[in-house]
Each structure stands twice: as structure tokens, then as C-alpha cells.
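In case you want the letters, here they are:
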Amino acid sequence: MARNEIAMLVDVYKNRNTASKTYGQYYGRVFNRETLSLKGFAKHMMEHGKRITYEELVLTLQQMVSCLKELTVQGVPVKLDGLGTFYPSIESTGATSVVGYDPLVNIVGVHLNFRPEAAGGADEKLTSRSLKEQCTFKMNDYVIPTTKVVDGKTKTYYERHPIATYGTEQADPDPQP
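Predicted model only: the values in this text are computed from it and were never measured.

S.K.: Outline the pattern of salt bridges, listing residues and values.
M.R.: A full pass over the atoms with the stated rule returns three salt bridges. One salt bridge in this structure joins R160 and D11, with 2.5 Å as the shortest N-O distance. One end of the pair, R160, is in strand β7 (residues 153–162); the other, D11, is in strand β1 (residues 8–14), with 149 residues separating them in the sequence. Its relative accessible area of 36% is what places R160 among the partly exposed residues. R160 serves as the salt-bridge partner of D141, at 3.0 Å between the closest nitrogen and oxygen. Of this pair, D141 sits in strand β6 (residues 137–150) while R160 sits in strand β7, and the two are 19 residues apart along the sequence.

Written as C-alpha cells, this is what we have:
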């Protein structure tokens with residue numbers, strides 16, 4: 001299977017949760033690039049073939065978003081063949097009895113979830129394993145969280161260090177005090 005020409009950048013970070021069984025171990029996470037807006041996504045799609053105008057595509061995507069929201073609040077899952085299924089779920093706190101459960105109080109959030117398409121050939125699947133097979137990975141940076149107080153508020157910033165500066169099999173680049 002052909003790999004993408006553009007690599008997915010991966011940052012490495014250290015698990016600092018002392019209550020975790022994996023405390024002190026290192027993990028990778030995607031270096032997220034700038035989020036693409038609906039109009040930016042439409043422009044990207046237009047670069048792959050112009051069967052409709054940019055304006056028509058933007059209007060179509062905006063209508064899709066509107067309808068997806070409408071159906072989500074009605075509890076209706078929406079399957080987009082070749083992409084996957086969007087479906088609603090709720091986040092809820094517990095109650096001590098059935099009659100004590102009040103949706104206005106106990107439901108704290110409504111979520112829009114996505115289940116990728118798993119049917120079709122290897123090139124059509126959007127499952128995590130099939131996507132991994134299509135990716136090329138490139139190590140990016142080692143990130144170290146640093147907290148600072150700015151205007152009376154504690155904020156976390158991430159110091160970025162090129163992984164190449166650590167070499168291989170080197171001692172812990174971020175020892176705990």
C-alpha cells in the first residue's frame with residue numbers, strides 16, 4: 001500500500017500522573033496542525049476536482065453541519081457511507097432513584113460521537129488500524145509541560161525540544177526532582 005507523501009508529525013511526552021500505572025513512561029501524540037475551517041475544507045476538496053463550484057460546496061457542507069446538529073439533538077444517528085456514523089450520547093450524573101433522576105439536572109452534556117466506516121476494501125476503511133497502515137510517521141519534538149502564573153492564573157505551556165538533541169538510549173532528558 002502506498003504511503004502518504006506528507007508524514008504525520010509525532011511529539012513525545014512523559015506521563016507525569018503519579019497515580020498512573022504507567023507513570024514515567026513516554027508516549028506519542030499527534031502534533032496537531034492548524035485546524036481547518038469548513039471553508040478551508042471546502043477549498044481543499046475543490047483542489048481534488050471541480051465538479052461543483054466552491055460556493056455550492058460551502059453551502060452543501062454548511063447544510064450538512066446544520067442538519068447533523070438538528071438530527072443529533074433528536075437522538076438520530078447519521079451514517080455517511082464511506083465515512084462513518086455520527087451518533088449522539090449523553091454525559092450524566094447519577095441519581096439515588098428513578099424518580100429522582102431529572103434530565104435537566106443530571107444530564108451535564110450531549111456529545112456527538114463518530115464511528116468510522118469499517119466496511120469496504122483496505123483503501124476505503126477509516127478504522128484506526130487501516131489509517132495507521134496509510135500513515136508515514138516522523139518524530140517531531142519532545143514536549144515538556146511547564147506551568148507559569150500569568151495575570152494571576154496558572155497556565156500550562158509546552159516547551160518543545162527536538163528529539164534529535166537527545167540521541168538514542170540516552171538518560172532521561174527530563175528527570176523528576
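S.K.: Can you lay out the nonpolar core for me, pointing to particular residues and giving the numbers?
M.R.: One finds A42, M46, L57, V58 and L61 forming the largest nonpolar core, which totals five residues. Counting only elements with at least two residues in this core, the list comes to α1 (38–46) and α2 (54–72). A per-element tally of this core places α2 first, with three residues. Beyond its immediate stretch of four places on either side in the chain, M46 contacts I52, T53, Y54 and L57.

S.K.: Can you explain the sheet that holds strand β5 (residues 107–116)? Please cite residues and give values.
M.R.: The sheet built from three strands is open, its strands ordered β3-β4-β5 with antiparallel pairing. Two strands lie at the open edges of the sheet, namely β3 (78–80) and β5, each paired on one side alone. Averaged over neighbouring strand pairs, the angle between their axes works out to 25° when direction is ignored. Pairing geometry for β3 and strand β4 (residues 84–92), over three bridges, is antiparallel. Residue pairing for β4: L80 is matched across the bridge by G84. Where α2 meets the sheet, it contacts β3, β4 and β5, and its direction lies at approximately 145° from that of β3.

S.K.: If you had to explain the sheet that holds β1 to someone new, which residues and values would you point to?
M.R.: Across the sheet, four strands lie side by side as β2-β1-β6-β7; this open sheet has mixed pairing. Of all strands in the sheet, those bounded by a partner on one side alone are β2 (26–30) and β7. On average, each strand axis in the sheet is tilted by 35° relative to the strand beside it, whichever way the strands run. Where β1 lies against β2, five bridges are found, and the strand directions are antiparallel. Its bridge partner being in β2, V12 is matched across the sheet by G28.

S.K.: Give me the packing of aromatic side chains: which residues, what numbers.
M.R.: The final tally for this structure, using the stated rule, is three aromatic pairs. When the ring of Y13 is compared with that of Y27, the centres are 6.1 Å apart and the planes differ by 35°; the resulting orientation is tilted. You can see Y13 sitting in strand β1 and its partner Y27 sitting in strand β2, a full 14 residues away along the chain. Given a relative accessible area of 25%, Y13 falls into the partly exposed group. Taken together, a centroid distance of 5.8 Å and an interplanar angle of 55° make the contact between Y26 and Y142 tilted. In this pair, Y26 is assigned in strand β2 and Y142 in strand β6, connecting sequence segments 116 residues apart. Classification of Y26 as partly exposed rests on a relative accessible area of 33%. When the ring centre of Y87 is taken as reference, the NZ or CZ atom of R115 above it lies at 4.5 Å. The ring of Y157 carries K148 above its face, with NZ or CZ at 5.4 Å from the centroid.

Conventions used here
- Residues numbered from 1 in each chain as written.
- Predicted model: local features only at pLDDT ≥ 70, side-chain atom pairs only at ≥ 80, totals over all residues.
- Heavy atoms only, no water.
- Salt bridge = Lys/Arg side-chain N within 4 Å of Asp/Glu carboxyl O.
- Helix = DSSP H or I, 4+ residues; strand = E, 2+ residues; numbered from the N terminus.
- Buried < 20%, exposed > 50% of the residue type's maximum accessible area, 1.4 Å probe, protein only.
- Core = buried A, V, L, I, M, F, W, Y, C linked by side-chain atoms within 4.5 Å.
- Contact = heavy atoms within 4.5 Å.
- Pairing = 2+ DSSP bridges.
- Axes fitted to C-alpha atoms, helices over the stretch in contact; angles between N-to-C directions.
- Phe/Tyr/Trp six-rings, centres within 6.5 Å; stacked < 30°, edge-to-face > 60°.
- Lys NZ or Arg CZ within 6 Å of the ring centre and 35° of its normal.

Such coordinate-based values are descriptive only and should not be taken to indicate function.
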